[in-house]
Amino acid sequence: MNFEGLDPGLAEYAPAMHSALDPVLDAHLNPSLLQNVELDPEGVALEALPVQESVHIMEGVYSELHSVVAEVGVPVSVSHFDLHEEMLWVGSHGGHATSFFGPALERYSSFQVNGSDDIRQIQSLENGILFLTKNNLKYMARGGLIIFDYLLDENEDMHSLLLTDSSTLLIGGLQNHILEIDLNTVQETQKYAVETPGVTIMRQTNRFFFCGHTSGKVSLRDLRTFKVEHEFDAFSGSLSDFDVHGNLLAACGFSSRLTGLACDRFLKVYDLRMMRAITPLQVHVDPAFLRFIPTYTSRLAIISQSGQCQFCEPTGLANPADIFHVNPVGPLLMTFDVSASKQALAFGDSEGCVHLWTDSPEPSFNPYSRETEFALPCLVDSLPPLDWSQDLLPLSLIPVPLTTDTLLSDWPAANSAPAPRRAPPVDAEILRTMKKVGFIGYAPNPRTKLRNQIPYRLKESDSEFDSFSQVTESPVGREEEPHLHMVSKKYRKVTIKYSKLGLEDFDFKHYNKTLFAGLEPHIPNAYCNCMIQVLYFLEPVRCLIQNHLCQKEFCLACELGFLFHMLDLSRGDPCQGSNFLRAFRTIPEASALGLILADSDEASGKGNLARLIQRWNRFILTQLHQDMQELEVPQAYRGAGGSFCSSGDSVIGQLFSCEMENCSLCRCGSETVRASSTLLFTLSYPDDKTGKNYDFAQVLKRSICLDQNTQAWCDNCEKYQPTIQTRNIRHLPDILVINCEVNSSKEADFWRMQAEVAFKMAVKKHGGEISKNKEFALADWKELGSPEGVLVCPSIEELKNVWLPFSIRMKMTKNKGLDVCNWTDGDEILAAWVPPSQWGPARAEEEHGVYVYDLMATVVHILDSRTGGSLVAHIKVGETYHQRKEGVTHQQWYLFNDFLIEPIDKHEAVQFDMNWKVPAILYYVKRNLNSRYNLNIKNPIEASVLLAEASLARKQRKTHTTFIPLMLNEMPQIGDLVGLDAEFVTLNEEEAELRSDGTKSTIKPSQMSVARITCVRGQGPNEGIPFIDDYISTQEQVVDYLTQYSGIKPGDLDAKISSKHLTTLKSTYLKLRFLIDIGVKFVGHGLQKDFRVINLMVPKDQVLDTVYLFHMPRKRMISLRFLAWYFLDLKIQGETHDSIEDARTALQLYRKYLELSKNGTEPESFHKVLKGLYEKGRKMDWKVPEPEGQTSPKRSNEKMLFSLLSLNHAFWFCL
């Protein structure tokens, strides 16, 4: 079934919404389902629960025979009647399969199929059962043994399968192809392309394959070629279900309305003889499932999610009298199936219950079912004698009676918890005398301990090896530590595990299953990743920053706009802010404020991250305000537009600035008033240890309208005098930024105390009606499905550690005062301040000075002594972001922990357990903020960035020019080819360690910086001639120029002595950004690493990488030098690498690829070419022969031709 148009809360099942049931029976659960079941504190037993009462069945009329619980609280995802035995199979959203035997629904087998994904379809075969999950096909025996387990590509999202014959299977899903699997060899035999992606339902007749698409279409395909023969456009929204019988096809689905998708009560019926629609069938229920049940006539069964079932003829009229109702335990029916004999119907609901309806008291599921095998009971006539004198006698031979009493061997969990012994620290004398060679350390043995022996301490008081604050020397094995139970796993510091392939085989999708982009943490000073995400998800900031472009080389606003552009383009892949952090490190104010951490301090967590990120928050807002305040139109980048604001302010000032009036009153009576503005506020806590209740709004008002006594200069007294300073607000900001300043135990105790008081008041307010866990009754489920549904009683867990409100309300009074209070959606906004006759929409509220601010983000400091702590952010992602990334319109809270992104409940964003989760920064935004600003992004980069520009090098001459800039008539167009290659230098060496087994483990990779970027023309009369060959100036210290591999020599990047065409990174970055935005296709070798170091996000369809074009699966990558020698008879990269030569060679290899593969139309012939390439490579050990004094004639002619062209163009350029 297609869940796209159904209740979004159930379309993707979240186990957290179905907590374990209490021992008390739920009032909404049918008591007959739990007869003879013992309830224990650990949860309800999951055995099948048959109804004990006899049920009267009227012959020929369907009525309920039995109901059982498959898995309590877990929705049923699929049901299937076994085609070979009298069994009913049920799959759940938790990946569990259960089978029931016979019409009495006696439990036969139960086993786990998948640990994380739901079971989407079940198909019975003669020897076992096929289970389809998201990207896995599993064939299991009816008892639970695995016959085969076929893993599909992790990018697949499968929804349907179809058994075409006894050994062939078709699998379809949300991708644009259908796979054909041979069940005998368990291999993929064919991949059929699908023009309309999203095949969620498949049927078969003796004439066609029928494919149902999520777009609402049904396609008819040929049985042999799988080509589309006909297509029915059934519904404008989405398809829910369809079935085929004889010459009729009936479908139900959803239609598009102004408010979204709506269930269509007209069934579309098509005549397969004339291939056209006949009169639609109007029914009286909301159809979600339908099946033909041909007995005497071809009648249809139409089922709604609420449990209504109607029978009617497909060519007749629906009669309301033919409706019966299934009584599900849960609020919704999730699945429906009909037995092969048409005598039984099976329904599965959202609470894990299965309902069997039949038309006879003793139905059979199949016309001819084979006998089911049952496990034989254990029959033991006599027990063998046991000899206690035998030491090796296994005690498992002793029979143990089945009992419910506690056995002696049932140790408590506290006594049986694993407690591994921690390795002792390295002797200080060894560390003192150690000498390092590369990454290996050597030291003489101090002879202070016995060989291969260490002391073993059993005393609990001895905490030398079990200290919470002790950090292991190696980061290997830090994932699961017994002392990290306090910190939830998703909040712990995440690290990247590097292999010999670098990041290519690291599974980022394990940490981020959304389409939003995380940020990598291994870059120096990446502690600010969480704040970058907060700024990105402020829609006005994101749009206005991307519209900014100026002439400063190290402009944080420009670099932040480039990073936001990468986050926009990413589809879940992580990004890195290397260029932004590089510009950040060059700003003197950042260093003066102590915001730039040394690598050792960042790795050990010596810096106070909470104070650091709050100072960074103030710094970045001030810096962006200054960067965007400049009015001059940039000259260096002619693509930049003008300023967005007036001369006195910037867009950052308009968003964040709060105008204030500071009044200083001296004791002599003189008063001084001056106006100022601030971009954020710092909380000031009252000195109260009595446990008095303070609302957050009270503390916020005290912090904004701050009154304090201090020494200040008095012009009247002409000396420093004690003065009373007061602060009044003139204008409230659109975005309210608050630094929490919880930097000591005093502030932490205040938060903890206020949270406890708020918890007690909330429990008292609800009168003890708060549930222990977050459970929903039937009425609550219905409210969750409706937009107006509000749960009145929260759970206890949601109220713990909560003091922060989701919304606050502010009002400017006439006497320049400020009123602040906590606000909830149930309050009447203007009741206290505005007469009822003047109530109106949000604009009317603002006219009276009333503003509502909603919590948008919280940045928290995670206290973890073992890893030094970390910073994470809770962010409420708005509708516009979901619309761009996922195509849906809703709001959701997410946790951003570097590259880990996970949706969370909104209450988790305001819960602060001060033992490990401390608030640092709060962001509140005005309601309807986006409507106040122009959110259109106008790309400020124009084609003029590609024109000729001056070099930074003082000694460069035009005769040294290695490239010819593009002319106006050569400007690239969409789809044009551009050869690209880049060379790099090393800024920091790799940090690695040698494990005890001899393998090397990378702790921190080397930090690279781009040194040279070359782009060559890919078509036209000047094909192969470079139009960009920029050497990138750097102000950071270079550790290794990598001359052998890069061709970069010391001095090439120094503007004082370099003879190359030297530019800034920003200048070249803009050129590449323009090429990407215009839609050119880059051809190169190993472009993935090049774009990563340059810090560019390029769509995959714009990258043609020869590494992958000439690569066979599960084989090694082949070097450009070997490919050029094998295919082009060229010998390149002799002494050093040259980026012009490499880019041109990659272009020629791409032309050769098109020639060999016939433009990609003959993959089989090209596969033979690749096999020959790999055979030759193995024989040559992948090395190019180097005969002395001999060069390829093709290479010599090409060099001569290029030299003539270069001289000709250079001479013309000088003129």
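Remember, predicted model here, so these are calculated numbers, not experimental data.

## As for the nonpolar core
Within the largest apolar cluster, 105 residues are counted, with the highest numbers of intra-cluster contacts made by Y527, I613, W616, F656, I735, Y923 and F1082. The biggest single contributor to this core is helix α5 (residues 556-569), with nine residues. Residue contacts for I735: discarding those within four places in its chain leaves L538, V541, L655, F656, Y923, Y924, V925 and L929. The next biggest cluster of nonpolar side chains, apart from the first, holds 57 residues, and it includes F681, I729, M812 and Y924.

## Some words on the confidence of the model for the chain
In this model, the chain carries a mean pLDDT of 80, and residues with pLDDT of at least 70 account for 81%. Within the model, pLDDT remains below 50 along residues 773-792, and this stretch shows 35 contacts once partners closer than five positions in the same chain are excluded. Every residue in residues 1189-1215 scores below 50 in pLDDT, and together they form 22 contacts with partners more than four places removed in sequence or on other chains.

## Overview of the pairing of strand β19 (residues 228-233)
Pairing of strand β18 (residues 217-222) with β19 involves five bridges; the strand directions are antiparallel. The residue of β19 that forms the bridge with S219 is E231. Between β18 and β19, which pair antiparallel one after the other, the connecting turn spans five residues, and F226 there sits at a positive phi close to 65 degrees.

## So, the side chain of T372
As for its placement among the helices and strands, T372 is situated in the loop between β32 (353-358) and α2 (428-433). Among the polar contacts made by the side chain of T372, one reaches the side chain of E85 at a distance of 3.1 Å. Once you skip the residues sitting within four places of it in the chain, T372 turns out to touch E85, E86, M87, F101 and Y108.

## Structural notes on the packing of aromatic side chains
The final tally for this structure, using the stated rule, is 53 aromatic pairs. Between F81 and F365, the ring centres sit 4.9 Å apart and the planes meet at 65 degrees, which makes this aromatic pair edge-to-face. Of this pair, F81 sits in strand β4 (residues 76-81) while F365 sits in the loop between β32 and α2, and the two are 284 residues apart along the sequence. Judged by its relative accessible area of 1%, F81 falls in the buried class. Measuring from ring centre to ring centre gives 5.1 Å for F537 and F896, while their planes differ by 50 degrees; the resulting arrangement is tilted. Taken together, the residues F537 in the loop between α3 (529-536) and α4 (539-546) and F896 in strand β45 (residues 892-897) connect sequence positions 359 residues apart. Overall, the relative accessible area of 5% leaves F537 in the buried class. Each residue in the set F1110, F1122, W1125, Y1126, F1127, Y1150, Y1153, F1166, Y1174 and W1182 is aromatic and connected to the rest through ring pairs, giving one cluster.

## What about the pattern of salt bridges?
For the structure shown, the criterion picks out 36 salt bridges. In this structure, D286 engages R265 in a salt bridge whose closest nitrogen and oxygen atoms are separated by 2.7 Å. Within this pair, whereas D286 is found in the loop between β25 (281-282) and β26 (287-294), its partner R265 is found in the loop between β22 (260-263) and β23 (266-271), the two being separated by 21 residues in sequence. Taking the relative accessible area as the measure of exposure, D286 reaches 37% and is therefore partly exposed. One network of salt bridges, in which partners are shared, links D82, E85, R142 and R370.

The rules behind each value
Residues numbered from 1 in each chain as written. Predicted model: local features only at pLDDT ≥ 70, side-chain atom pairs only at ≥ 80, totals over all residues. Heavy atoms only, no water. Core = buried A, V, L, I, M, F, W, Y, C linked by side-chain atoms within 4.5 Å. Buried < 20%, exposed > 50% of the residue type's maximum accessible area, 1.4 Å probe, protein only. Helix = DSSP H or I, 4+ residues; strand = E, 2+ residues; numbered from the N terminus. Contact = heavy atoms within 4.5 Å. pLDDT = per-residue confidence, 0-100. Pairing = 2+ DSSP bridges. Polar contact = N/O pair within 3.5 Å; in protein donor to acceptor, adjacent residues only side chain to side chain. Phe/Tyr/Trp six-rings, centres within 6.5 Å; stacked < 30°, edge-to-face > 60°. Salt bridge = Lys/Arg side-chain N within 4 Å of Asp/Glu carboxyl O.

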